[in-house]
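Per-entry structural report
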Amino acid sequence: MKEQLPLSPPIEFVERRLFGVAEGLIEATERGETSPAISAAVRASPEWREYHADLLNEQASQQPPPDELMPTPAIPEAIQDLIQRRVAARSLASAPLPAAGQIVLAERIVTPRPGQLDAIMLVPLCVLLDAPAEVPAVWHGWLVSAETDYAGWWDFVLQEQDAPFDPEAGMVQLWNPVRLYLPMAARVVGQLSPARLQAVRTMAADFVAAEPPVDVPSWPGRVASRNTSAGLRVTTGSPLGNEHDARHRYQQLYFAAAEAIREPARLALHALAALPAGQVGALLNRLIAAAGRAAEILLPEPRVAVAMRGEGLAGAPDLSWPDVARLRIHELTAAGDGRMEVTALGTESLVVEIRKGSQVEERVDLPPGAADTIAWDKGSTTLVLVTASGRRLELALKELA
């Protein structure tokens, strides 16, 4: 192994960032936003004591403001570059989800049903989306991280041609595949072109089928260009070295951190795997997938008694938009005509519309707790639900050509 350069940031910093008690978590605990178990762990941590000691020291050392303003120090060029790259990546934030090649940011854990995991996401994590998974609202992808000094043979390092992308999304960890539950995707922070995504995919195929070459020395902290087995040019790090190579620990840390992405996806796969087959199942899939693309949740639920008559289609579950609405399909013909019962849950009123393009074909207004039916024909395209507070969900009733 070549002499190891000092890697930035140090591995101890990476570990503390991924698994330490962050200032935001301490403040959330003080506000009472965490569960009793998490609160107890935070209050017992050394970071809790350090945070409050620093707070007391800061209060004790406060000085009256000087009469004259001090000159603002110059921002180092490296920091200016990071700021410019982050600002440039904001142009992608409003891009519609999901699409292959998008790098998305997950900021919090979202599960199909509230309270399924007594866990929080200590730091935001990025995921490169590759392709839809077996059920709607779940996609295959790979974890993406910032610390390119730790790049190994199976890390795809983004280049200038991939800009704009957020500095937190510097390399794709092809050794760290994940499935992402789409409601966890907060926004897009990068977008690979089809050609670059294909390079990632061929490199991922090489990872599965091949071993790193023995004639390439391990050189932590360096990256270089090479070809995949398909002849596509990529930039990666070198193969991992002996036990002193900090990249071993780096990969262990990120593989463990990725459980915050994997476990919600596993729960979603379990919740959505039992959808019925056939035309009704296809419609339910479309509705659930459309909600996922809007970072919202629609869950299949066993049918329950509601205010309206009828039990809906035999074998078809209700769909629940938690604390907002319940949807029950009453009729669906081979031609694509349908009828659905909508119940307003929670404390908000609800507007329900059937649209053909931008034209409203049918509309019902539901006060809290009320239910009504709404119908559509084969030409209708969208079911729209809008709450009194402005939450909006647009659901595709049919596949668009």
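A quick note: this is a predicted structure, and the numbers were derived from the prediction, not measured.

When helices and strands are tallied, the protein shows nine helices and 17 strands. Referenced to the eigenvectors of the C-alpha coordinate spread, the extents of the protein come out at roughly 75 × 65 × 40 Å. Pairs at least 24 residues apart make up 64% of the contacts formed inside the protein by residues separated by at least 6 positions. Entry remark: accessible area of the protein is about 20,400 Å², with carbon and sulfur atoms responsible for 54%. Taking the average location of the 36 positive side-chain charges in the protein and that of its 50 negative ones, the two points are 6 Å from each other.

Our next topic: the sheet that holds strand 17 (residues 392–396). In any sheet, the strands associate via hydrogen bonds between backbone groups, in a parallel or an antiparallel arrangement. Overall, antiparallel pairing links the four strands, which are arranged 14-13-16-17 in an open sheet. Here the strands that pair on one side only, and so sit at the sheet edges, are strand 14 (359–366) and strand 17. Here the strands of the sheet are splayed against their neighbours by 15° on average, with no regard to which way each runs. When strand 16 (residues 382–387) meets strand 17, the two strands line up antiparallel, connected through five bridges. In the strand pairing of strand 17, Thr 382 is matched with Ala 396.

Each neighbour pair has its own omega, and for Ser 8 with Pro 9 the value is -5°, a cis peptide bond. Residue Pro 98 follows Leu 97 across a cis peptide bond; omega there is -10°. With respect to the secondary-structure elements, Pro 98 resides in the loop between helix 5 (77–89) and strand 1 (102–106). The backbone of Ala 137 sits at a positive phi, close to 75°, despite the residue not being glycine. The residue Ala 137 is located in the loop between strand 2 (125–132) and strand 3 (138–145) in this model. Although it is not a glycine, Ala 295 sits at a positive phi angle of roughly 60°.

In this structure the tally under the stated criterion is 26 salt bridges. Between Glu 394 and Arg 392 there is a salt bridge, with its nearest N and O atoms 2.9 Å apart. Judged by relative accessible area, which is 44%, Glu 394 ranks as partly exposed.

Next up on the list: the nonpolar core. Phe 156, Ile 261, Leu 298 and Leu 395 are the most contacted members of the largest nonpolar core, which has 102 residues in total. Contact partners of Ile 261, with chain neighbours within four places excluded, come to Ala 106, Met 121, Leu 125, Val 127, Leu 143, Val 178, Arg 179, Leu 180 and Met 184. Within the second largest apolar cluster, seven residues are counted, among which are Val 21, Leu 25, Ile 26 and Trp 48.

Our focus in this paragraph is the environment of Ala 277. Here Ala 277 is to be found in the loop between helix 8 (259–272) and helix 9 (278–293). Residue Ala 277 is classed as exposed on the basis of its relative accessible area of 73%. Once the C-alpha coordinates of Ala 277 and Ala 316 are considered, the two residues, 39 residues apart in sequence, prove to be 9.6 Å apart.

Take the packing of helix 2 (residues 23–30) against helix 3 (residues 36–43) next. Close contact between helix 2 and helix 3 brings their axes to 10 Å; oriented N to C, the two are set at 120°. In terms of orientation, helix 2 and helix 3 fall into the oblique class. Taken as a pair, helix 2 and helix 3 cross one another with a handedness that is left-handed. Contacts from Leu 25, Ile 26 and Thr 29 in helix 2 reach Ile 38, Ser 39, Val 42 and Arg 43 in helix 3. Here the residues of the contact of helix 2 with helix 3 sort into four nonpolar, two polar and one charged.

This paragraph deals with the packing of aromatic side chains. Counting across every chain of the model gives three aromatic pairs. When the centroid spacing of 4.6 Å and the interplanar angle of 10° are considered together, the rings of Tyr 150 and Tyr 250 count as stacked. Here Tyr 150 is found in the loop between strand 3 and strand 4 (155–157), whereas its partner Tyr 250 is found in helix 7 (residues 246–257), with 100 residues between them in sequence. Residues Tyr 150 and Tyr 250 agree in their burial class; the two are buried.

So, how was this worked out
Residues numbered from 1 in each chain as written. Predicted model: local features only at pLDDT ≥ 70, side-chain atom pairs only at ≥ 80, totals over all residues. Heavy atoms only, no water. Helix = DSSP H or I, 4+ residues; strand = E, 2+ residues; numbered from the N terminus. Contact = heavy atoms within 4.5 Å. Areas by Shrake-Rupley, 256 points an atom, 1.4 Å probe, with all protein chains shown as cover. Lys, Arg positive; Asp, Glu negative; His and termini not counted. Charge placed at Lys NZ, Arg CZ, Asp CG, Glu CD. Pairing = 2+ DSSP bridges. Axes fitted to C-alpha atoms, helices over the stretch in contact; angles between N-to-C directions. Salt bridge = Lys/Arg side-chain N within 4 Å of Asp/Glu carboxyl O. Buried < 20%, exposed > 50% of the residue type's maximum accessible area, 1.4 Å probe, protein only. Core = buried A, V, L, I, M, F, W, Y, C linked by side-chain atoms within 4.5 Å. Parallel < 35°, antiparallel > 145°, perpendicular 65-115°, else oblique. Left-handed = near helix turned anticlockwise from the far one by under 90°. Nonpolar A, V, L, I, M, F, W, Y, C, P; charged D, E, K, R; others polar. Phe/Tyr/Trp six-rings, centres within 6.5 Å; stacked < 30°, edge-to-face > 60°.

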